[in-house]
Amino acid sequence: MERRFQGKTAIVTGAGNGIGLATARRLQAEGAEVLSVDWNTDYLANVADPTLTIDLADDDAPARVVEAARTHFKTVDMLVNNAGVAGPKALAESDDELIDHVMGINIRAVMRLTRDMLPHITRPDGCIVNVCSVFGEVGFPNTAAYAASKGALSQLTRQLASDLSADGIRVNGVAPGVINTPIVAERIASDAWYRRAMIETTPIRRVGTPEDVAGGILFLCSNDAQFITGHILNIDGGWLAARVAS
Ligand code: ADP
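How each quantity is defined
- Residues numbered from 1 in each chain as written.
- Predicted model: local features only at pLDDT ≥ 70, side-chain atom pairs only at ≥ 80, totals over all residues.
- Heavy atoms only, no water.
- Helix = DSSP H or I, 4+ residues; strand = E, 2+ residues; numbered from the N terminus.
- Buried < 20%, exposed > 50% of the residue type's maximum accessible area, 1.4 Å probe, protein only.
- Lys, Arg positive; Asp, Glu negative; His and termini not counted.
- Salt bridge = Lys/Arg side-chain N within 4 Å of Asp/Glu carboxyl O.
- Polar contact = N/O pair within 3.5 Å; in protein donor to acceptor, adjacent residues only side chain to side chain.
- Pairing = 2+ DSSP bridges.
- Axes fitted to C-alpha atoms, helices over the stretch in contact; angles between N-to-C directions.
- Contact = heavy atoms within 4.5 Å.
- Expected span 1.5 Å × (residues − 1).
- Near = heavy atom within 4 Å.
- Areas by Shrake-Rupley, 256 points an atom, 1.4 Å probe, with all protein chains shown as cover.
- 1 Å grid on protein atoms, 1.4 Å probe; cavity = no way out; pocket = protein on both sides within 12 Å on 5 of 7 lines; lining within 4 Å.
- Points joined across faces, edges and corners; volume = space filled by probe spheres on them.

A. View of the side chain of Asp236. As for its placement among the helices and strands, Asp236 is situated in the loop between strand E7 (232–235) and helix H9 (239–245). Summary of buried charges: Asp236 has no salt-bridge partner, and the nearest side chain of opposite charge, Arg243, is 8.7 Å away. From its side chain, Asp236 meets the backbone nitrogen of Gly238 in a polar contact 3.0 Å long.

Dropping the structure here:
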């Protein structure tokens with residue numbers, strides 16, 4: 001295993017499960033110290049210390065994450081904004097609670113945390129990676145709030161890249177396609193329409209893994225990506241490319 005991140009520090013949100021867990025583990029395996037943040041304490045038992053249990057949508061969450069980061073690290077080399085929730089509903093079926101919940105975690109909490117972390121991110125050579133989504137890039141049925149939140153996150157990524165380059169902070173995103181989680185596996189098994197829309201139209205005919213996405217996140221954090229900022233890397237087995245072509 002390469003050790004590209006020896007001596008580096010990272011914060012990974014949503015680090016207890018799925019993409020966040022794979023990212024935290026991989027960063028640690030490559031030498032980084034990682035502060036793993038999640039609202040699910042049971043999930044955090046899967047990952048090495050230090051950890052912080054917190055609901056990132058809480059008003060005091062940014063201050064508490066900053067405090068924990070300052071306790072453990074001098075500065076933060078990498079901030080991976082991964083925590084997120086799904087909201088598989090058309091707008092007509094999305095009540096205020098669902099809209100506030102999805103937007104609150106997927107975009108508002110990311111903006112507040114990133115803003116408050118900025119003074120503590122290493123400059124030059126700090127980086128931020130946002131976990132966006134293919135559903136933030138193109139239209140897809142029945143996922144209004146989620147798609148809106150992830151589209152906003154993609155645009156925040158580009159916007160921050162413009163603002164922060166002068167400080168030597170790179171800001172990129174990944175756009176995962178269908179990634180193998182229990183919820184997705186259940187939907188693939190039970191919903192023929194979804195299977196057709198997502199798997200049978202993916203040129204690389206399989207579901208992605210959290211490790212597939214972690215690999216892209218680590219690349220964007222690495223020295224090999226020194227001239228890359230404001231980029232959204234699709235990690236989707238070609239799903240978006242094939243939609244553009246068809
Ligand atoms: P993915 O496929 O993106 O990995 P998961 O649902 O498995 O999807 O992972 C998202 C992670 O984010 C979970 O570990 C979840 O507990 C975490 N998370 C979601 N919302 C919040 C929140 N408000 N505060 C902290 N962690 C959160």
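B. Looking closely at the sheet that holds strand E3 (residues 51–53). Across the sheet, which stays open at both edges, the seven strands sit in the order E3-E2-E1-E4-E5-E6-E7 with parallel pairing between neighbours. Each of the sheet's edge strands pairs with one partner strand only, and the pair in question is E3 and E7. With direction set aside, neighbouring strand axes in the sheet form an average angle of 15 degrees. The pairing of strand E6 (residues 169–176) with E7 spans four bridges and is classified as parallel. Counted as the bridge partner of Ala175 is Asn234 from E7. Helix H4 (residues 96–117) rests against strand E1 (9–13), strand E4 (78–81) and strand E5 (126–131) of the sheet, and its axis sits at about 170 degrees to E4.

C. Structural context of helix H1 (residues 18–29). Along its twelve residues, H1 runs 17 Å from first to last C-alpha, staying within 8% of the 16 Å computed at 1.5 Å per residue. Those residues of H1 that fall on the buried side of the exposure criterion are Gly18, Ile19, Gly20, Leu21, Ala22, Thr23, Ala24 and Leu27. Looking at the packing, one finds that the buried side of H1 touches E1, strand E2 (33–38), E4, E6 and helix H8 (210–221). Gly31 occupies a position one or two residues after H1 and carries a positive phi of about 105 degrees.

D. Broad picture of the site of the ligand. Around the ligand, a shell composed of 15 residues is seen, among which Asn17, Ile19, Asp38, Asp55 and Leu56 lie nearest. One nitrogen or oxygen atom from the side chain of Asp38 is found 2.6 Å from an oxygen atom belonging to the ligand. Contact distances for the ligand include 2.9 Å between a nitrogen atom and a side-chain N or O atom of Asp55. For the ligand, whose accessible area on its own is 570 Å², the fraction buried by protein is 85%.

E. Inspection of the pattern of salt bridges at higher detail. Per the counting criterion, the structure on display carries six salt bridges. Among the ionic pairs, Glu30 bridges to Arg4, the shortest N-O distance being 2.8 Å. Taken together, the residues span a long stretch of sequence, with Glu30 in the loop between H1 and E2 and Arg4 in the segment before E1 at a distance of 26 residues. Taking relative accessible area as the criterion, Arg4 reaches 27% and is therefore assigned partly exposed. For Arg115, the salt bridge identified is with Asp116, shortest N-O distance 2.9 Å. In the salt-bridge network here, residues are joined through shared partners; they are Arg4, Arg26 and Glu30.

F. Summary view of the layout of surface pockets. For the largest pocket, the calculated volume is near 1200 Å³. As for the largest pocket, its lining consists of 42 residues, of which Gly84, Val85, Ala86, Tyr146 and Thr181 are closest to the centre. When residues of the lining of the largest pocket are traced back to their parent elements, those giving at least two are H1, helix H5 (144–164), helix H6 (182–190) and helix H7 (192–199). Counted as a void, the second largest pocket has a volume near 320 Å³. Lining the second largest pocket are 18 residues, and of these Asp125, Gly126, Arg170, Asn223 and Gln226 lie nearest its centre. Put simply, the parts of the chain that give the lining of the second largest pocket at least two residues each are E5 and E6.

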